[in-house]
Amino acid sequence: MMSLRWARLIAWKDLQVEFRSGGRLLAMIAFVVLACFLFALALDRSLVPARNVAASLAWLTILFAATTGAGRTFDTEEEDGAFRHLLLTPVSRHAIFLGKSAANLVLVWIVTILAFVALTSFLGVRDAGSIARHGAVLLPGTIGLAAVGTFFGLMSRHSSLGDTLLPVLTFPLLVPVIFFGATASGRVLTERPWAEISGSVRLLWAFAIGFVAVGSVLFRYLAEE
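Residues numbered from 1 in each chain as written. Predicted model: local features only at pLDDT ≥ 70, side-chain atom pairs only at ≥ 80, totals over all residues. Heavy atoms only, no water.

Draft legend 1. Expanded view of the overall build of the protein chain. The helix and strand tally for the protein chain stands at nine helices and zero strands. In sequence order, the protein chain lays out its α and β elements as α-α-α-α-α-α-α-α-α. Split into buried and exposed, the 225 residues of the protein chain put 46% on the buried side. For the protein chain, the proportion of contacts with a sequence separation of at least 24, taken over those separated by at least 6, is 85%. A total of about 11200 Å² of accessible surface is found on the protein chain, and carbon and sulfur atoms cover 68% of it. (Helix = DSSP H or I, 4+ residues; strand = E, 2+ residues; numbered from the N terminus. Buried < 20%, exposed > 50% of the residue type's maximum accessible area, 1.4 Å probe, protein only. Contact = heavy atoms within 4.5 Å. Areas by Shrake-Rupley, 256 points an atom, 1.4 Å probe, with all protein chains shown as cover.)

Draft legend 2. Local environment of the environment of V201. Summarising the element assignment, V201 is placed in helix 9 (residues 198-223). When its relative accessible area of 8% is taken as the criterion, V201 is described as buried. Expressed as a C-alpha distance, the spacing of V201 and T183, which sit 18 residues apart in the sequence, is 9.8 Å. Beyond its immediate chain neighbours, meaning those up to four positions away, V201 contacts A136, V137, P140 and W194.

Draft legend 3. The nonpolar core, seen in detail. W59, I62, L123, V137 and L174 are the most contacted members of the largest nonpolar core, which totals 56 residues. Ignoring anything within four residues of it in the chain, the contact list for L174 reads L63, G144, L145, V148 and F211. (Core = buried A, V, L, I, M, F, W, Y, C linked by side-chain atoms within 4.5 Å.)

Draft legend 4. Representation of the pattern of salt bridges in the model. In the structure shown here, the tally under the stated rule is one salt bridge. In this structure, the salt-bridge partner of R192 is E196, at a minimum N-O distance of 3.0 Å. Taking relative accessible area as the criterion, R192 reaches 38% and is therefore assigned partly exposed. (Salt bridge = Lys/Arg side-chain N within 4 Å of Asp/Glu carboxyl O.)

Next up, the structure:
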């Protein structure tokens, strides 16, 4: 319970800092809007129905935006040495990981909502399907994205390659999340029965729980390097 309390405080601190500065969030929002606009321009809707590709384009946009944001998760604390001081406190390493991941998750949720709204608007998709079902698909998927991005965000800070290393590390791990997420969201958009969607959702939850569990265990070794 104490670890969860520390995780909540760390997440709240990170969100307060982010909403005051707004740099990372504004960059993610700008990326989402521009990417959705360019996808809409590049797609020939006379050949490919927008509804058939909207889900895949939305998940790719979310992936790229989340990776962009994750690369700057530890920037402020690394610059002024705050992260090193945080490691010297009695706060457990997995509480730090959970708190950082929770803060990233909130930002990913914001850009996720924006991505679906912007993309369906630009592509002219009028009926996007059930909001509750979209939420059921996106929740585990975004948890996985936030956990993986947080873990490898710190790893990229320790590398001389910096943010250029982050996509190389995260994209291979997130292939199943994007595949099953886009498949499930596509079926929600086309209003398929829940029985055809639930299997992908269960797999997304399995990946999300696995990423959070493994990240919590390994984060302590990565943070102490």
